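Listed here are the chains, written in short residue letters.
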Amino acid sequence: MSANTVAVSDSSFEADVLKSEGPVLVDFWAEWCGPCKMIAPALEEIGAEYQGRLKVAKVNIDSNPEAPTKYGVRSIPTLIVFKDGKPVAQQMGALPKSQLKAWIDQSL
């Protein structure tokens, strides 16, 4: 992870996502997932561009199975925007950065 994204675990999910001050974009991903690696740089840039308006969090589904199960993640990458502790938008699959930003803007 970097300064623009935060690694979230099952044990920190409530504090980092559900009790976050502002909206959080959670990327459910895995090391072996090609499309996850494809969108990682775009999410990194989005984390920088939306700093102060949106937190970008990443949950590795292999080491953190609880959160993906709870939110019905069936394929990866799955992106979910949380506001006030609740999921408000969900997107599956890799999208170009421009489409990701349009989806995020609609969700905010």
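Residues numbered from 1 in each chain as written. Predicted model: local features only at pLDDT ≥ 70, side-chain atom pairs only at ≥ 80, totals over all residues. Heavy atoms only, no water.

Some thoughts on the sheet that holds strand β1 (residues 5-7)
Sheets are built from strands that pair by backbone hydrogen bonding, the pairs being arranged parallel or antiparallel.
Here's step 1: Strands sit in the order β1-β3-β2-β4-β5 across an open sheet of 5 strands; the sheet is mixed. The sheet is open, and its two edges are formed by β1 and β5 (86-92), each paired on a single side. In this sheet, adjacent strand axes meet at a mean angle of 25° when their direction is disregarded.
Here's step 2: Examined bridge by bridge, strand β2 (residues 24-29) and strand β3 (residues 55-60) share 6 bridges and lie parallel to one another. Residue pairing for β3: V24 is matched across the bridge by K55.
Here's step 3: Those strands touched by helix α2 (residues 34-49) are β1, β2, β3 and β4 (78-83), and its axis lies near 155° from that of β3. (Pairing = 2+ DSSP bridges. Helix = DSSP H or I, 4+ residues; strand = E, 2+ residues; numbered from the N terminus. Axes fitted to C-alpha atoms, helices over the stretch in contact; angles between N-to-C directions. Contact = heavy atoms within 4.5 Å.)

Section: unusual backbone geometry
Here's step 1: Note the cis peptide between I76 and P77, where omega equals 0°.
Here's step 2: If you trace the backbone, P77 turns up in the loop between α3 (66-70) and β4.
Here's step 3: Positive phi, normally seen in glycine, also occurs at D84, with a value near 55°.
Here's step 4: Along the polypeptide, D84 turns up in the loop between β4 and β5.
Here's step 5: The class of D84 is exposed, set by a relative accessible area of 68%. (Buried < 20%, exposed > 50% of the residue type's maximum accessible area, 1.4 Å probe, protein only.)

Topic: the UniProt feature "site: Deprotonates C-terminal active site Cys" (unreviewed entry) in the protein chain
Here's step 1: With numbering aligned to this structure, UniProt lists the feature "site: Deprotonates C-terminal active site Cys" (unreviewed entry) at D27.
Here's step 2: By secondary structure assignment, the location of D27 is in strand β2.
Here's step 3: Overall, the relative accessible area of 0% leaves D27 in the buried class.
Here's step 4: Ignoring sequence-local partners within four residues, the contact set of D27 consists of I39, L43, A57, K58, V59, P77, T78 and L79.
Here's step 5: Only 2.7 Å separates the side chain of D27 from the side chain of K58, close enough to count as a polar contact. (UniProt positions renumbered as here; feature names shortened; annotations may be inferred. Polar contact = N/O pair within 3.5 Å; in protein donor to acceptor, adjacent residues only side chain to side chain.)

Describing the pattern of salt bridges
Here's step 1: Considering all chains together, one arrives at 5 salt bridges under this definition.
Here's step 2: Of the charged contacts in the structure, one is a salt bridge between K19 and E14, with a shortest N-O distance of 3.2 Å.
Here's step 3: You can call E14 partly exposed: its relative accessible area is 45%.
Here's step 4: Here E45 and K97 are joined by a salt bridge, their closest N and O atoms 2.7 Å apart. Here E45, found in helix α2, pairs with K97, found in helix α4 (residues 97-107); they are 52 residues apart in sequence, far enough to count as distant. (Salt bridge = Lys/Arg side-chain N within 4 Å of Asp/Glu carboxyl O.)

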